[in-house]
Amino acid sequence: MELIPITRPTLVPLEQLLPDLEKIWHSGIVTQGPYTVRLEQAAAALAGTGYCVALNSCTSGLILTLAALELSGEVLMPSFTWASTAHAALWNRLDPVFCDVLPGELTIDPDDAEQRITPRTKALLATNVFGMPPDIQRLERLCDKHGLALIFDAAQGIGARRGGRPQGSFGRAEVFSLSPTKVVTALEGGLVTTDDEQLDARVRSMRDYGKGLGPDGPDIVRLGLSARISEVQAAVGIAQLGLLGRLSRARAALTDRYRSQLSGLTGVGFQTTPESTTSANTYFVIQIGPECRLQRDELARQMAEHSIQTKPYFWPPVHQQTATKSYARGALPVTQEVSRRSLALPLWSDMPLSAQDRVIETLYRLLGD
């Protein structure tokens, strides 16, 4: 039986890219050239920001954004996230302070975050979860009240909106992923969007070792990385951004179909979408309640026996992972509960309905009354 993967990139036809690849190949400019500039301009226009820096990964973008802000002390963040959210803080010698998430939405709980603020707290790093933006207005009020820098790990958020505004236009900066598992991919890569000219200049310098006086400046003016995106990746990213509307509509339809078809399964829950919010639908994750015939891990095992790939996601939560568990402070009851019940199902933009039907039918066979 053919494997149904949990995700796969939906790419433009290769023939569409070949003219650009030939130009890059023959130009001899394979990094930080005109395609990188075009990708940055397109992403900034999409986010509605003045600036965008393209890099080799979202993780590099998070590390360099925090470094550019020159923070010290503690950074609030959810534990229900991918590990790189915390790693970015630790690479900057910042202490991650793990917060609980809101039931249903599964994004950081502003009230819980506020209770964890100390005199050492300098920033809040909120995460887009499975394509769902956090409660941005409440987070903005919280950070304004306490004088905190607000940054968004929007790795999974390209195409999402909250309150009529696109993800990418909030806080001091937002950082996106262009990895193969995301709605828009550049094969690999990341984007930092911001309206802060100084922050843009610092991140732009630090992605290229910290050079000053332009991309070939002789002086290294700050600590940096080799975090450039290649021109080939930039060309792919430009082409893929052109597909965003179609990819978003396709994912929304598949997500709606999953919700409709699986709503008859007792004990299966879904992430909730608040009013005036549009999810990017990067992943489709269900909650396996205690009344289900099989619990999460056994269900995942039996789905694998039917050649359907699933993923416990996010599991374990970051505050329980070996590299970061020493930073855990206080109870995170919602995180504990949702992390042991969450299971990501196969979803990609051009997923055939026949494949989705097989996933749905198998779930009914395993969980149905």
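Residues numbered from 1 in each chain as written. Predicted model: local features only at pLDDT ≥ 70, side-chain atom pairs only at ≥ 80, totals over all residues. Heavy atoms only, no water.

(A) Quick peek at the sheet that holds strand β1 (residues 51-55). Read across the sheet, 7 strands follow the order β1-β9-β8-β5-β4-β2-β3 without closing on themselves; strand pairing throughout is mixed. Whereas interior strands pair on both sides, the edge strands pair on one side only; in this sheet they are β1 and β3 (95-99). Put simply, the sheet's adjacent strands are angled 20 degrees from each other on average, direction ignored. Relative to strand β8 (residues 173-177), strand β5 (residues 149-153) runs parallel, the two sharing 3 bridges. By the bridge assignment, Asp153 is partnered in β8 with Val175. Here helix α2 (residues 34-47) sits on the sheet and contacts β1 and β9 (190-194); the angle it forms with β1, its principal contact strand, is near 130 degrees. (Pairing = 2+ DSSP bridges. Helix = DSSP H or I, 4+ residues; strand = E, 2+ residues; numbered from the N terminus. Axes fitted to C-alpha atoms, helices over the stretch in contact; angles between N-to-C directions. Contact = heavy atoms within 4.5 Å.)

(B) Representation of the pairing of strand β4 (residues 121-127). For β4, a buried count of 6 out of 7 residues is recorded, marking the element as mostly surrounded by other parts of the structure. Bridge count for strand β2 (residues 74-78) against β4 is 3 bridges, and the pairing is parallel. Across the sheet, residue Glu74 finds its bridge partner in β4, namely Thr121. Where β4 meets β5, 5 bridges bridge the pair, whose relative direction is parallel. Across the sheet, the residue bridging to Thr127 is Asp153, located in β5. With respect to chirality, the unit in which β4 leads through helix α6 (residues 136-146) into the neighbouring parallel β5 is right-handed. (Buried < 20%, exposed > 50% of the residue type's maximum accessible area, 1.4 Å probe, protein only. Right-handed = clockwise from strand over helix to strand, strands pointing away.)

(C) Structural view of helix α3 (residues 58-68). Of all 11 residues making up α3, 9 are buried, and the element is well covered by its neighbours. Among all positions in α3, only Cys58, Ser60, Gly61, Leu62, Ile63, Leu64, Thr65, Leu66 and Ala68 are buried. Of the residues that open α3, the one with a side-chain oxygen 3.4 Å from the backbone nitrogen of Thr59 is Ser57. A positive phi of about 55 degrees marks Glu70, the residue just after α3. (Polar contact = N/O pair within 3.5 Å; in protein donor to acceptor, adjacent residues only side chain to side chain.)

(D) Local environment of the nonpolar core. One finds Leu55, Met77, Ile151, Val192 and Val203 to be the most contacted residues of the largest nonpolar core, which totals 30 residues. At the level of elements, β1, α3, β2, α4 (84-91), β4, β5, β8 and α7 (197-206) are the ones that each hand at least two residues to this core. Top element by residues in this core is α3. It accounts for 6 residues. When residues no more than four places from it in sequence are discounted, the contact partners of Leu55 are Ser60, Gly61, Leu64, Gly189, Gly190, Leu191, Val192, Val203, Arg207, Ala227, Arg228 and Ile229. Formed by 27 residues, the second largest nonpolar core is a distinct cluster that contains Ile158, Val236, Ile238 and Leu247. (Core = buried A, V, L, I, M, F, W, Y, C linked by side-chain atoms within 4.5 Å.)

(E) Region of the structure containing the packing of aromatic side chains. Using the criterion set out here, one finds 9 aromatic pairs in the structure. On the basis of an interplanar angle of 20 degrees and a centroid distance of 5.2 Å, the ring pair of Phe130 and Phe314 is categorised as stacked. With Phe130 in the loop between β4 and α6 and Phe314 in the loop between β13 (311-312) and α11 (333-339), the pair connects residues that are 184 residues apart, well separated along the chain. We classify Phe314 as buried; its relative accessible area is 2%. Where Tyr313 meets Phe314, the ring centres are 4.3 Å apart and the plane angle is 45 degrees; that geometry is what we call tilted. Like Tyr313, the residue Phe314 is buried in the burial classification. Of the aromatic side chains, those joined through ring pairs into one cluster are Phe80, Phe130, Tyr283, Tyr313 and Phe314. Here the guanidinium or amino end of Arg296 rests over the ring plane of Trp315, the centre of that ring lying 5.2 Å away. (Phe/Tyr/Trp six-rings, centres within 6.5 Å; stacked < 30°, edge-to-face > 60°. Lys NZ or Arg CZ within 6 Å of the ring centre and 35° of its normal.)

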